[in-house]
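Observations on the three-dimensional arrangement
Okay, here's what each chain looks like letter by letter:
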Amino acid sequence: MEENNSKLEELCDTLDDLTLTQVDYLDETLSLMSKLENYLTSGFIDLAKSRYISGERSISLLQIPGEESEVEPATTVVRDSDNKLVISRNKEASDPLKWFGVLVPSSLRQSQNAFQQVLETAVEILNARNEWLNALEETKKLSTENDWLNALVETNKLSTENN
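No experiment lies behind these values; they were computed from the predicted model shown. (Residues numbered from 1 in each chain as written. Predicted model: local features only at pLDDT ≥ 70, side-chain atom pairs only at ≥ 80, totals over all residues. Heavy atoms only, no water.)

1. What about the side chain of Ser 111?
Looking at the element boundaries, Ser 111 is found in helix 2 (residues 106–162). Residues in contact with Ser 111, not counting those within four places in the same chain, are Gly 43, Asp 46 and Leu 47. (Helix = DSSP H or I, 4+ residues; strand = E, 2+ residues; numbered from the N terminus. Contact = heavy atoms within 4.5 Å.)

2. What to know about the nonpolar core
Listed in full, the five residues of the largest apolar core are Leu 11, Leu 15, Leu 18, Ala 135 and Leu 142. Mapped onto this core, the elements with two or more residues apiece are helix 1 (2–54) and helix 2. Those residues in contact with Leu 15, other than ones at most four positions away along the chain, are Thr 139, Leu 142, Ser 143 and Asn 146. (Core = buried A, V, L, I, M, F, W, Y, C linked by side-chain atoms within 4.5 Å. Buried < 20%, exposed > 50% of the residue type's maximum accessible area, 1.4 Å probe, protein only.)

3. Topic: unusual backbone geometry
Positive phi outside glycine occurs at Asn 83, with the angle close to 65 degrees. With respect to the element layout, Asn 83 can be found in the loop between strand 1 (75–79) and strand 2 (85–89).

4. Focus: the pairing of strand 2
Where strand 1 and strand 2 come together, five bridges link them in antiparallel fashion. Note on strand 2: the bridge partner recorded for Thr 75 is Arg 89. Hairpin remark: strand 1 followed by strand 2, antiparallel, with five residues in the connecting loop; positive phi at Asn 83, about 65 degrees. (Pairing = 2+ DSSP bridges.)

5. Some details on a nonpolar patch on the surface
Taken together, the side chains of Leu 61, Ile 64, Val 71 and Trp 99 make up a nonpolar region of the molecular surface, amounting to roughly 380 Å² of accessible area. Mapped onto the secondary structure, Leu 61 falls in the loop between helix 1 and strand 1. A residue is classified by how much of its surface remains accessible, and Leu 61, at 72% relative accessible area, is exposed. (Patch = residues over 30% accessible without salt bridge, like charges linked within 9 Å, V, L, I, M, F, W, Y side chains within 5 Å. Areas by Shrake-Rupley, 256 points an atom, 1.4 Å probe, with all protein chains shown as cover. Salt bridge = Lys/Arg side-chain N within 4 Å of Asp/Glu carboxyl O.)

6. Comments concerning the pattern of salt bridges
What the rule picks out here adds up to three salt bridges. For Arg 89, the salt bridge goes to Glu 120, with nearest N and O atoms at 2.4 Å. Linking Arg 89 in strand 2 with Glu 120 in helix 2, this pair joins segments that are 31 residues apart in sequence. Look at Arg 89 and you get partly exposed, because its relative accessible area is 40%. Glu 138 is the salt-bridge partner of Lys 141, the closest N and O atoms lying 3.7 Å from each other. Linking Lys 141 with Glu 138, this pair stays in helix 2, spanning three residues, or about one helical turn.

Here's what the structure looks like:
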């Protein structure tokens, strides 16, 4: 009986730690979503500034290569050995800013940087969310075990009281 009580206490401590971990992951996710919103806003505002400065026709879909052209991606998202998402940069890929000319407005560069930050932040959000889901699954599993141990302890108490 004493062994069951110590297991129950240890299990409750583990569940408390997992709950705090989940709260930390949710806090991190909300913080990252706020950063994501700021980067998106900044990227679109800088893009609009670039179009205003250079003219609507100089920064448009017309400068982007068509479907028939081969474009090497500059950035890809892959899973690492720990099953986390990571950003992989291709150093041989050409800079997409060159599609818009040699002398592009600085606001277009700032827009590109903001959208690169969006990608990095989105990957961080997904990794934090996956960690949160893993902690949630572990909590559910341990909670079931906790319920079982509670029932066992209560049954032992009732049987000792009846004797």
